Every structure is written in C-alpha cells, then in structure tokens.
Amino acid sequence: MADPYLPLAIVLSSALPGALIFFLDEEFHRLRTALNLFGAIFKLILVGWMIWGVFHGHVYLSHLELLPGLELILSADALSVLFVTLSTVLWLVTTIYAIGYLEHSPNRSRFFGFFSLCVSATVGIALSGNLLTFIVFYEILTLATYPLVAHRGTPEADRGARIYLAYTMTGGVVLLTGAVWLQTLIGPLNFTQGGLLSTAPESLHPQFIWIFFLLLAGLGVKAALVPLHGWLPQAMVAPAPVSALLHAVAVVKAGAFGIVRLVYDLYGVEFAYGLGLLDVLGAFAAATILYGSLKALSQDSLKKRLAYSTVSQVSYIALGASILGPIATIGGLVHLVHQGLMKITLFFCAGNYAETLGIHQVSEMNGVGRRLPWTTLALTVGALGMIGVPPVAGFVTKWYLGLGAADAGAYWAILLLIASSLLNAAYFLPILYRAWFRPPPPSWPEEHRFPTRLETDPALLWPPLITAVLSLGAGLFAAAPFSPLEWVRLIAAREYGP
Amino acid sequence: MLDPLALAVAWPLLGALSITLLPRWAAHLGILAAVGATLSALGVAFAVMDSGSLTSELGGWKIPLGIGLRADGLAAAFLAMVNLVALGVSIHASVYFADSKARHHFWPLWFLLWTALNALWLARDLFNLYVTLELMGLSAAALGALSGTRESISANLRYLLLGLAGSMTYLLGVALLYVAYGSLDLVQVARSLAPGPSSAAACALMIGGLSLKAALFPLHFWLPPAHASAPAPVSAALSALVVKAAIYLVLRLWLDLFAGIANASAAMLLGLLGGSAVLWGSWQALRAERLKLLAAYSTVAQIGYLAMFLPLIAAAADERGRASLLVAWVLLALTHGLAKASFFLATGLVQKTTGHDRIAELGGAAQSLPAATFALGLAGAALIGLPPSGTFFAKWILIQAAIASGQWWWVPVIMLGTLLALGYVFRLLARAFTREPTPPHFVTSARAELSALLLAVLAMLGVGLAARPIANLLGV
Amino acid sequence: MNPEILITQMLYGCIGLALFLLGIGSFILHEGLWRRLIALNVVGSGVFHVLVAVAYRGLEQTPDPIPHALVLTGIVVAVSATALALAFGRHLEDQNDHA
C-alpha cells in the first residue's frame, strides 16, 4: 500500500512556511525565525520517517494526473532518499547560518521566503518520479534562486543574476525540448532502475543520441559542465549562505542529480554505454574537472576560488556516471553527498572570514587561524577532504572512483584523478599555509566584534563545525550502516543487479 | 428555479443599469453585481461539468425569433475564467477609481462590457455573436478612452473603427451563410455546411474579421497603443478578456462551423501568422520602453501561440491528440487571461506610485510595492510558461504535437518565444532588486494589491494543476 | 424560383457587395477620421443591402423577417458606433483647440 501523502508533505513542509514568510512584516524577527526552524526541523523529521519506511520496504507515491501522459509524480526510491536527506540536513544548518549572517541586513522576509522555496524545489527534484515532475521543480528552483542571487541589489548582483538566469533558463528550454521529444517517441518518462530505452526499436537510436545531448546540455548548465559553467563564478555575488546553498545543496547538485537520473534511470547505464554516450559524458566531465581546477589556481578571491573548485568537484559525479561498473557508480553517487558536506563547510568558513574580519581575498588570509581558530579548523577539514586526504569523506570518493576506473579499464580516469588531486592541493594548501603559518597583519580589513566569548557569532560558527564533523564522519564511518557510502552501495547493487 | 445562463448575463446588465440610475452607490453596486455574476458563472461551469451542456431560450421565445443561450464545456471554462478575472478587476477598480472623475463612466461601461462578454460565450447563433461582438467593441473602446488623454482617445478611436470594420466583415460572412443555408444557428449551419465558393468566402470573411479583432499578426498594429494608453484596470480587461473573446470565436468557428471546409493549408496560414506573432510580439515587448507597452506586445505574442495550435489540430493523428491540443489551448488561454489581468493591475499600481511606467526608471518603485512586484513576477512567470503554470503544460503538449506531426519548425519558434518572454519579464523584475529597503509591510492597499496577487497565484498554480477538472469540463 | 425575384436579389446583392468593397477600399486607403467613418458606413450599407436582398421574396410575398431584424439591429449598432466615433473626434478637436 503506497503512502500518498508523505512525499508531498516533505515538499510542502518548507514551501508553506516560505509562502507565509513573504507576508511577514520586516520586524517580525522571532516569528520568521520560528517559521524557518519549524519548517526545517519538521522536514527533517518527515525525512527521517521516510528513510525508516523506505528501509522497511514501504512505498511512497504522491501523484496527480493532469492529462493522459502528463502526470506529476513524487516518489521515494533509494536515490531520491539520498538527495533528500542531504538537502534537508544541510538546509537546517544553512538556515541557522543564514539567520546569523543576515541579522542586520534589509529585506529578510523576501530572502527567507525564497530561501524556503528554493529548498522545496530541491526536495521536489529529489523526489520526482518522472522527467516531467523533475523539470517542473528544476524550473521552480531557477525561479526561486534568481531573487537570492540578485538579493544584494548592487549592479554586480544584478549582472550576476542576469547571467545566471540567461544560462539556466536557456538550459531549461533545451531540457524541456529534449524531454518532450523523448516522451513523444516512447511515452511517459518514469524514472526506472535500469532505464527505459533498452527495449525501444533500434530505428530510434539515432534520435536517442540527439536527445541525450539536448538533455545533457540542459542539465549540464546547472551542473556547470564546461563550457556551460560561465554563470557559476558570476553568481558568487550572492550572500554567503546562498552560495553555500547553490553550490552544495541546490542548483549545482540538482544538475548533477539530473545527470545521474538521465544515465541510470532514463537511458540505463548499459544502454548509454552501448550508444557510446558515456564516453562523451566522460570527456565533458574530464575537461570540466581539469579546467575548474586550473582556473581555481589563479583566483585570488576566496569565493571565486571555491566556485571554480565546485565546477571541478561536481563533475566527479558525472565522471562516476560515465564509467561503466558498480564501483565507479558508487564513487560518483557518494560524491553527491560528500561534495555537499565539504563544500558547504568551505563556503560557511568563507562567509565567516568576510563577516567577521572583512576578508574576501586569499592574499588577506595571513594568520587568520589565530584570530578564528575554529573556523579555520573547519576550513582545513573541508579543504583536505577536497584534496582527498584520508580520513575525510573526499578520500572515499576518490578511492571508489579510482577503483571503478581500474575495474572498467578506464586508466585515463585514474590519471585524471591524480592530476586533479595535485591541482586541488595546489590551490587549497597555500590557503591553509597562509591561515596557519603566516603572521597575522596588525589589523584586519573590517573587523566586527560580536557580543560573545566565541570567536564569532555562534550562529555563524556552529554550522561550519557541524558540517566539518559530518564530512569527517562520512569518511571515518563510511562502513557503518546508513552511512552515505552504504546507502549508495545499495543503489548501485540495484542498478547493476546481483 | 432561476436559469443560471440567463443570470450570468442578467447580473452584469442589472449592474450597468442600477449604477446608471444610482451613480453615488457605484462602487458598492458594482461589487454586488460582480459577485453575483461571478457566482452564477461558476454555477454554470459546475452545472456543465455535471451535465455536459446547458441550453435555454430567453423569455420562453422559441428560436429563430427568440434568443437562445447555450453553454458547453469550452464556453463554460471561459465564462468561469472571465468572471473571476472581471471580479478581480472590479475589486481593484473600486480602489483605482475611488477618487477619480472617471468612475462615473467606468462602472456602467464596465458592466456593459461584462454583459457583452458573458453573452458572447453563451450565444448560440451567428447574429447574436455579431451583436455581442459589437457591444463588446463599443464599450471596450469607450472604456479605453477613459483616461482622456489625446493618446488614448486617438488610439481607441482607431481601435473602434478597425473593430467596426472587422465586425462588418464578419457580418457579410454571416449574410453569405444565411443566403446559402437559411439559418443562423451555429449547430444547424454547421450540419448543412458544404464546401463551395460561398462557404469559403464566408469562412474567409468571418475568420478574417475576427482575426482583426483578435489582433492576430499582422493585424495587431492597433492593439499596443490602445491597450497601453487605457487606465490599468481597463487595459487588464481589454488584454485579458476582450482580445481573448475574438480568438475564442476564431477557434469555435474553425472547429464547430467550418470543420468541413477549413483545410490544412488555411490552418497553416493562420499558424504561420501565429508563429510570426510570437516572435514579433515578444521581440517588441523586449524592446518596449514602457511597462504597459511591454504587456500589450506580450498579448500579441500570446495570441500568436493560440493561432499556432490550428495547423497542429488539423494535423493531429487521432481524436485523442486533438482533444489534448484543445485542452492545451484552453489552458494557455485561461492562464494568459488571469496572468495578463494581474500583470496590468500590478502595472497600474506601480504607475500610480511612480507617476510613470518607464521601465528604465522604475528602480525603487518596484521595491516599495512588494505585493505588486510579486504579482508582476508570478504573472510574468506564467506568461513565460514556467511550471507549474498552465502555459507550461500547454507548451509541452504543443511541442509534443509539433514533433509527432512532423511540423518540427514550430519547436524553435516556441523555444525562441519562451526565451524572449523570459527576457522581457526579467528585464522588468531585475529592477525590483535595488539596495533600498522594502517597506515594513508586504501589503499596503489590500483590495488593490491582493486582487492582482490572487489572479497571479491562480495563473501560476491554479490553471495548470487543475488541468484534469478543466479537461473534464471540456468533456475530453 | 421566380427569375424576376432572383434577378432583383442578384442586382441588390451585387450592389451591396460592390458597396462593401468600395467602403473597405476607401477605409484602408484614407487617413482622416471623417473619410474613414463615412467609408465604414458605406461598408455597413453594403452589408445591409445584401441582407435586404436576401429577404426579398417578391412584391406580393411578405419578406423574410429574420434578415430584416438583422438589418435593424445592425443599423442601431452602426449608428451607436458612429456616434461614439464622432464623440471621440470632437474630444480630439477640443484638445487641439486648447493646445
């Protein structure tokens, strides 16, 4: 017996508080915070319930048939549970961070309203049971993030938001076209383990190749695949919690998640391999990984360096999907979670430096480890994880990707991983060196004292510490039940069969 | 038991008469009549959903001498949307015109227009359609000129004359049909219609005349100045409802009356005009310097989408394909009606606050009216066709039909039109994000702002997700 | 059908069509309000001619009432529209005088 309400309730648990928040007067600070936290915690409880249910074999399915062939489906399979859990946990943390970060800035009702809608859309993407529903939430996500990127209202914010919108919406239209084309050929596109296309007549295969490129282009914009990544560094103008959300939880991750759905649940990884599509995906992923790392090297702005690092790191997910075989799949999927945890930590830390000391450039970071030791510790965990130093989560990813590549005979991917890790080290280690071992300057660019014994506002300090601990935990306890790795193993086992 | 069809026409007519008699109570009587009309229209829609279709003969006079009314699913769907929009416009107008001299003229004319609209959806013969079209055109032109500026009077004079030419052309077509078939009843004429020169001429005259009224490219040139110069609530009604009535009649005649003789190449011609309208209208909207002109050109583009359906309906492989295209057509039209009304109402609020509607200088004005800006954003998103608006699902079906029937060239037109729409909507919304703080309250004038906002919410969340009940109403 | 009736109908009908075309042509070609308004009234007369011709059933017979009803209604509509157009025209002229 399928439970028709839970997936819908999970989406609405942030959408409804979000809608209410818009109507709140600016000075209703407590009510807004209460609504935010209520939504975030309530969603977490619902997701916990769903994990328990999915583990025990319950089926969750909300659906609304609009017209024959047009059906909105929200359902929970193992993959969606993975992404839902990630975004729900990180949303709670980011909400706390954002409340601290935006304490005294204007237009908070508008900000938190869209913030909640953004997470609702992400959760909707995670729970989408077919491509139509996926696109619906994918576009809502674009719509809800635009105001967040433009939030500051400066000319740079305006420009960044426009570029963001132009990229993502063009991608959306291309994605829509590809989806409709595919649906015209083979009917409703419900996400199915093993894919839908392997039984289709062979005469359609050339069209499937074209459609794959359309869909990949549409998803690749959000996943920041080179050459479609141009919006991401521009969108850095957004406030730090938004950057954290865009990079770790919502937008970029939605694109990567879409690519995973495309390869595994629409085309089927073996069918896509048969058409030679995985090689193309792998080539794009490889180019993106190298390009992002190389660009990150030359950025002095901390947030831009992190942005290019995202461009590079998210493509590990696509790389995992492009290598045939369960081990590489595990490496790619688990990075969905690991990259989220590590990258959000890094963005929280970057926000703390900016908010507490006015530091925006890497070159200004000399000796920050003494002024903000805990923040810098979290930054160190995140950065080492990105490089792939054990026991942080990033190591697990790279280990499985490497093993998977060896297993599939894709030795170029191993070389790629080594090169990328060296580059990661080259752009992260100097930051750590400056922060810990260089003497601090006589004064910080714009120091802000908070009325607390801690090094900065507690709402800013706890989130990076929590996510840093989670990144460590995901690596240390990778073999524990319910760890991201174990969950992903389950997904891979289902995709490739026993 | 009162006849719901007659009531739907009688409420606005009574409103017009009573306000003329008691102008001091205009706003109160207006809201009363608006609520009455809307309730009876929704009553008609629910009754049609239950029983398939409703008919009545006014005063018990038999056809052909009496006037008959009929509501099928298509008519009921439009009747419901139009009355909801008109209710929103009325509530908004009760604030907008509260202390302007124009209110003495606005209310009677507005209800006259509303009467004409309701009668138009319910008319069942070709001549009553002519009368309602003319009544609609006259009251619309008079309303459009209410702002009294030179610009608005000359634009609406042009609209009036062109509308008159359009309806005269339509009437000649009706006369030709009467010569050939001796009847004016839609159903009877449709049953006996045979291909031939007089039927073809009648078809060309009637569709041509209506296309002029519907502002189908290249006959759209009168629309932008007329709609951009009228007071905002009137622009809302003109763009959302009046133009929609004409394009609705094009579809109705095309499918019901001329189904036997309207061939694929004629449909293709209308479709090409529609495609050109999409591109041209969206491009002009993108270039428009004034907010209302932008909205008006966007209407030209949206009418284009509606015309683009005709060749695809003609090429649909089976009844199911036709039915889903019809539902998509209705979804698009209803969404546009709600969204464009909301867009114009919100535009009016912005214009009242700033004293102008030049997009480049809107700046903080948009930010000082969060509810109105929100309405603009939601309505704009529905116009672009972002999900889950009705436009999104309509475009999905449209693209699907284009690919399935091999008429793939519509796909780039739709893609480009969507991106252009995105450009013109966000060119505007980007102005809402300035560094000035928003006012402490989300809503400043509840009736004026919430009416716009609710229409936008309906456009964005109501129509698309209610596709199933709408399809049921249409009987497919 | 009686050929005399048919000829009469054809004659009036064709004149009606000719008036319609003349009016439309003039409406498209001319700019000024008065010319266009008169052109439209000529168009209307043309259409009414056609309808009256349709109704004719010989001198002895009563004519078909329905086209007559249409013509009457049509005239009312055309007169109202003309009146509204004239009112607009006057407004514009008044504004010109003041300007």
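Residues numbered from 1 in each chain as written. Chains lettered and ligands numbered in written order. Predicted model: local features only at pLDDT ≥ 70, side-chain atom pairs only at ≥ 80, totals over all residues.

> Whenever I open this one, the overall build of chain C confuses me. Can you help?
In terms of helices and strands, chain C carries three helices and zero strands. Traced from its N-terminal end to its C-terminal end, chain C shows the element sequence α-α-α. Taken along its principal axes, the extent of the C-alpha atoms in chain C is 65 × 25 × 15 Å. The buried share of chain C, taken over its 99 residues, is 32%. (Helix = DSSP H or I, 4+ residues; strand = E, 2+ residues; numbered from the N terminus. Buried ≥ 20, exposed ≤ 12 C-beta atoms within 10 Å, placed from the backbone.)

> Help me understand the interface of chain A and chain B, please; the structure alone is not making it clear to me.
With 37 residues of chain A at the interface, the matching set in chain B holds 32 residues. Taken together, the elements giving at least two residues each to the side of chain A that touches chain B come down to β2 (59–67), α5 (131–149) and α6 (155–186) of chain A. Classifying every residue of the side of chain A that touches chain B gives 21 nonpolar, eight polar and eight charged. (Contact = placed C-beta atoms within 7 Å. Nonpolar A, V, L, I, M, F, W, Y, C, P; charged D, E, K, R; others polar.)

> How should the arrangement of the chains be read in this particular structure?
No other pair among the two pairs of chains in contact exceeds the contact count of chains A and B. Here chain A and chain C are not in contact; the least distance found between their C-alpha atoms is 41 Å.

> What should I look at first to understand helix α3 (residues 73–96) of chain B in this one?
Counting along an α-helix, one turn takes 3.6 residues, and residues three or four places apart therefore face a common direction. Between its first and last C-alpha, α3(B) extends 34 Å over 24 residues, near the 34 Å set by a 1.5 Å rise per residue. A large share of α3(B) lies buried, amounting to 23 of its 24 residues. (Expected span 1.5 Å × (residues − 1).)

> Is there a simple way to explain the interface of chain B and chain C in this structure?
Many authors give the size of an interface as the accessible area that is lost as the parts come together. The interface is formed by 23 residues belonging to chain B together with 28 residues belonging to chain C. At the level of elements, α5 (126–144) and α6 (150–181) of chain B are the ones that each hand at least two residues to the side of chain B that touches chain C. Among the elements that line the side of chain B that touches chain C, the one with the most residues is α6(B), at 15 residues. The residue makeup of the side of chain B that touches chain C, split by class, is 19 nonpolar, two polar and two charged.

> Help me understand helix α1 (residues 3–29) of chain C in this model?
Look at α1(C): 38 Å from first C-alpha to last across 27 residues, which is about the 39 Å you get at 1.5 Å a residue. Along α1(C), the residues that are buried comprise Gln9(C), Gly13(C), Gly16(C), Phe20(C), Gly23(C) and Phe27(C). Buried residues along α1(C) sit against α6 of chain B together with α2 (33–55) of chain C.

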